[in-house]
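An overview of the molecular structure
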Amino acid sequence: MKALVCVKRVIDYNVKIRVKSDKSGVETDNVKMSMNPFDEIAVEEAVRLKEKNQIQEIVILSIGTDKSQETIRSGLAMGGDRGILVKTEKDQLEPLTVGKIIKSVSDKEKPDLIILGKQAIDDDCNQTGQIVATLLEFPQATFASELKKNNDNTLEVTREVDGGLETVKINIPCVVTTDLRLNEPRYASLPNIMKAKQKKIDVLEIGSFDIDIKDRLQVLEVKEPPERKPGIKVDDVDSLVEKLKNEAKVL
Amino acid sequence: MKVLVIIEHDNETVKQSSFSTISAAKEISDSIEAIVLGQGIDSVINQLKKSDHLKKIYKIDNELFQNPLAENLSKAIHKFTEGSDYTHILSPSSTFGKNMSPKLSALMDVQQISDITKIISDDTFERPIYAGNAIAKVKSNDPIKIITVRPTCFEPCALNSSVDVESLKVDLDKNNLISFVSYDKSKSDRPELTSAKIVISGGRGMQNGENFRLLEGIADKLGAAMGASRAAVDAGFVPNDWQVGQTGKIVAPDLYIAVGISGAIQHIAGIKDSKFIACINKDEEAPIFNFSDYGLVGDLFELLPKLEEKL
C-alpha cells in the first residue's frame, strides 16, 4: 500500500496571530511557521501503518511557496520516504483548487490511501479531503479517531461526529481526514532529521498543471474579533453566584 | 434569490442546527425551501413542517439514506438541484454538514464558504479564521453559493407554521465503496460540548483526573457540559475529546467556567465567543482573568465545594 500525505505550512498554533493594520490579512513575516497540527497527525498515522508493514511507501505532498519544503522535510524526518512540492507564488490557494491539484498528483502517484488533516488551523475551511474524495470518486472517512486495515482491502475507520462515534468501512483507495484523537505525533529524532535531508523532494511548478488557480472568494477584509469588554474580579463564591444570576442572567 | 436548506436529523428528530440554518437563510431571501433525506422520517417531517419561513419541504425517504453517508447524500442533492434555480445551498456546519457540503461543492465546481457567522449581503459573509482570532469578510464570485452556517450564531427559527411537503423519488445507485458499520452515541448524560448552554472546564490546576469530580457536581447542578484545557488533556487527566481550544472543540455557550486554567492562547481561541466567561484561579496574574467577565482568585479546592453548595 502507498500513502499520499498532504501537509500545509501554517502559523504555529502557539503563536498569537496579529491582524495586519491595513486589514488585508494576518501578519506572517517573522512569525514561526509549522506543519498544520492535524496534518502532523496524518503523517504519524501513515508512519505507524508503515511500521506495521501495512504501507510500503509514504509520499509527503505540500502545495505552497518554496518555504513549504521545510514542512515536507519535517514530514520526511518523521518517517516519510519522499516529497513532492507543488510550487506556487501565491501564499494561499482555495480548497477547491488545492483539491484539484491533489487529484492530479494522485492520478499520477496512484496512492491507496490519501491522508490529511481534517482542517488547517489558518483558514479553518475543513473541505480539502472531502473535495479530493469527490473528484477522485474515492470513499471518504473524515474526522478519523481510529483506523484499522482489514485483510479484504478495506479500512475500518471510527469518526468523531457530533454526539458520538461513527464507524464506517471504506474500500481502498480512499481518503481519510484526521482528528485529534487518532494519535499523538512523535518528535523527529536528530538522526532522522539528518537523514531526511538526503531524501528526495520533487518540485513541480503549478503552471505545469492545467488548473485555473484564480480565487472564487474575494477576501474584502480581515479584522480583529470584537474585544471582550474588561471583566471584574469578585471577592467570593457568593458574589460570583450573585453576578451570574442577576447581572449575567445565565444561571 | 432562492435558498435551499439541507436538513440535519437522525431519522427521528430535527437537529436544532437545522432550525438555526433556516434563520440564516431568512437573512438572504424570503424564498426558502428545505430538503430532508433519510429513512422513515415522518416524525422529522412533522416537526420541520412547523418551521417559520419555509415555503416548501422536499422529502426523500429511501433506505439509501438510513445513515447519513456523505457519498449518497451529496450525489442525491446534486441531482435534485440540477436545473433548479437555487442561488444558495445552506447546511449547518456540524460534523454532518462539514462532511457532506464540500462534496456537493466539488460536484458543482463551487468554492464553498465554510462556517459563516454573519450575513452581510447575498454574496458577502463573515467567517472566523485562525479559530476565531480573526474574522474574514469574504465575497463569493460563484454563481451559486454553497455555505455552511455556524448554528450558534443564528437563533433557531420559530415553529408556528404548516409547510407543504412534496415527496420525491430518488434515482441513484448505492455507493458500494463505503458502508456504515455502527454509531456509538456518547454515553454521557451531559449535553454535548459544542451545543451546551453552560460549559465547565478544568485545567492543569486540577492536579489530577480524580479531582475533576469536583467539577462534576457543579456540572450536574447546572446541566453543563464538561471540558478541559490542552494541558489537562496532555497530562492525561481526562480524555482527548474533552479538549476545548484551537485544536480541540470550539465552544460558544452562554456561560463558560474555567477552573484552574491559565488561559493559553490556544485555549482562549476556543472559548472567546462565549457570552460570559467566569474563572477560578489561584494565580491572579493568569491571562484567563483578562478574558473573564467574572474572575475569582483563590484555591479551587476550597472554592469549588462552596460553589456547588450555593447553586
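As the structure is a prediction and not an experimental result, all values here were calculated from the model.

Take the overall build of chain A next. Across its full length, chain A carries six helices and 13 strands. Oriented by its inertia axes, the alpha-carbon framework of chain A measures out at about 65 × 45 × 40 Å. Put simply, of all contacts in chain A between residues at least 6 apart along the chain, 68% involve residues at least 24 apart.

The next point concerns the overall build of chain B. Assigned secondary structure in chain B consists of nine helices and 16 strands. Seen through its principal axes, chain B has C-alpha atoms that stretch 65 × 40 × 40 Å. Once local pairs closer than 6 in sequence are excluded, the contacts in chain B between residues at least 24 apart make up 66%.

A separate point is the interface of chain A and chain B. Often, the extent of an interface is quoted as the loss of accessible area upon association of its parts. Across the contact, 63 residues belong to chain A and 71 residues belong to chain B. For the side of chain A that touches chain B, the elements supplying multiple residues, two or more each, are helix H3 (95-109), helix H4 (128-136), strand E7 (140-149), strand E8 (154-161), strand E9 (164-171), strand E12 (217-223), strand E13 (232-234) and helix H6 (237-247) of chain A. Taken together, the seven bridges between E9(A) and strand E11 (residues 178-185) of chain B define a ladder with antiparallel strand orientation. What sits directly across from A:Gly164, in E11(B), is B:Lys185.

Right, let's talk about H6(A) for a bit. All names here are of chain A. Regarding H6, the residues found buried are Val237, Leu240, Lys243 and Leu244. The buried residues of H6 occupy an angular sector of 130 degrees when the element is viewed end-on, so they sit on one face. For H6, exposure combined with an orientation more than 90 degrees from the buried face picks out Asp238, Asn246 and Glu247. Looking one or two places after H6, you find lysine 249, whose phi comes out positive at around 55 degrees.

Once that is clear, we can look at the environment of A:Lys23. On the secondary structure map, A:Lys23 appears in the loop between strand E2 (9-11) and strand E3 (33-35). Note: C-alpha distance between A:Lys23 and A:Glu224 (201 residues apart in sequence) is 8.8 Å.

So, on to the packing of H6(A) against helix H9 (residues 300-310) of chain B. One way to put it is that H6(A) packs onto H9(B) with a least axis distance of 9 Å and a crossing angle of 45 degrees. Taken together, the axes of H6(A) and H9(B) are oblique relative to one another. Handedness of the H6(A)/H9(B) crossing: right-handed. When H6(A) is examined against H9(B), the residues A:Val237, A:Asp238 and A:Val241 are found in contact with a partner set consisting of B:Leu303, B:Lys306, B:Leu307 and B:Lys310. Residues of the contact of H6(A) with H9(B), tallied by class, amount to four nonpolar, no polar and three charged.

This paragraph deals with the nonpolar core. Formed by 171 residues in total, the largest nonpolar core has its most connected members in A:Ala3, A:Val5, A:Ala46, B:Val5, B:Val36 and B:Ile200. Counting residues per element, this core draws most heavily on helix H1 (residues 37-51) of chain A, at seven residues. Ignoring any residue separated from it by four or fewer positions in sequence, one finds B:Ile200 in contact with B:Leu215, B:Ile218, B:Ala219, B:Ala224, B:Met226, B:Ile257 and B:Val259.

Moving on to the sheet that holds strand E15 (residues 276-281) of chain B. Taking strand neighbours across the sheet as the criterion, the six strands line up as E13(A)-E16(B)-E15(B)-E14(B)-E12(B)-E13(B) in an open arrangement whose pairing is parallel. If you trace the sheet from one side to the other, it starts and ends with E13 of chain A together with strand E13 (225-228) of chain B, each paired once. Averaged over all neighbouring strand pairs, the angle between strand axes comes to 20 degrees, with direction disregarded. Here E13(A) pairs with strand E16 (residues 294-297) of chain B via three bridges, running parallel. Within E16(B), the residue paired with A:Ile232 across the bridge is B:Tyr294.

Here we take up the environment of A:Ser24. Residue placement: A:Ser24 occurs in the loop between E2 and E3. With 197 residues separating them along the chain, A:Ser24 and A:Glu221 place their C-alpha atoms 5.5 Å apart.

The next point concerns the pairing of strand E8 (residues 134-140) of chain B. All names here are of chain B. The two faces of E8 differ: Ala134, Ala136, Val138 and Ser140 on one face are buried, but Ile135, Lys137 and Lys139 on the other face are not. Where strand E7 (residues 124-129) lies against E8, six bridges are found, and the strand directions are antiparallel. Counterpart to phenylalanine 125 in the pairing with E8 is valine 138.

Residue and element names in this part refer to chain A. Most of strand E6 (residues 113-117) is tucked away, with five of its five residues classed as buried. Where strand E1 (residues 2-7) lies against E6, four bridges are found, and the strand directions are parallel. Its bridge partner being in E6, valine 5 is matched across the sheet by isoleucine 115. Sheet analysis places E6 next to strand E10 (residues 174-178), joined by five bridges and oriented parallel. Bridge pairing in E10 links leucine 116 to threonine 177.

Take unusual backbone geometry next. All names here are of chain A. Residue proline 173 is bonded to the preceding isoleucine 172 through a cis peptide linkage, with omega at 0 degrees. Note that proline 173 resides in the loop between E9 and E10. A positive phi is found at glutamate 137, a non-glycine position, where the angle reads about 55 degrees. Assignment of secondary structure puts glutamate 137 in the loop between H4 and E7.

What follows is about the sheet that holds E7(A). Here 10 strands make up an open sheet; going across it, the order is E11(A)-E5(A)-E4(A)-E1(A)-E6(A)-E10(A)-E7(A)-E8(A)-E9(A)-E11(B) and the pairing mixed. Looking at strand neighbours, the two that pair on one side only are strand E11 (201-205) of chain A together with E11 of chain B, the edges of this open sheet. The average undirected angle you get between the axes of adjacent strands in this sheet is 30 degrees. As defined by bridge partners, E7(A) adjoins E10(A) across three bridges and the pair is classed as parallel. Opposite A:Ala141, over in E10(A), you have A:Val176 as the bridge partner. Against the sheet, H1(A) touches E1, strand E4 (57-64), E6, E7 and E10 of chain A, its axis set at about 145 degrees to E6(A).

Attention shifts here to the environment of A:Val157. All names here are of chain A. If you trace the backbone, valine 157 turns up in strand E8. What makes valine 157 buried here is the crowd of 26 C-beta atoms within 10 Å. C-alpha of valine 157 to C-alpha of leucine 4: the two residues are 153 residues apart in sequence and 17 Å apart in space. Residues contacting valine 157, with those up to four places away along its chain left out, are Ala141, Ala144, Glu146, Leu147, Thr167, Val168, Ile170 and Val176.

Here is what the cut-offs are and how they apply
Residues numbered from 1 in each chain as written. Chains lettered and ligands numbered in written order. Predicted model: local features only at pLDDT ≥ 70, side-chain atom pairs only at ≥ 80, totals over all residues. Helix = DSSP H or I, 4+ residues; strand = E, 2+ residues; numbered from the N terminus. Contact = placed C-beta atoms within 7 Å. Pairing = 2+ DSSP bridges. Buried ≥ 20, exposed ≤ 12 C-beta atoms within 10 Å, placed from the backbone. Arc of directions from axis to C-beta. Axes fitted to C-alpha atoms, helices over the stretch in contact; angles between N-to-C directions. Parallel < 35°, antiparallel > 145°, perpendicular 65-115°, else oblique. Left-handed = near helix turned anticlockwise from the far one by under 90°. Nonpolar A, V, L, I, M, F, W, Y, C, P; charged D, E, K, R; others polar. Core = buried A, V, L, I, M, F, W, Y, C linked by C-beta atoms within 7 Å.

In short, geometric facts, not functional conclusions.
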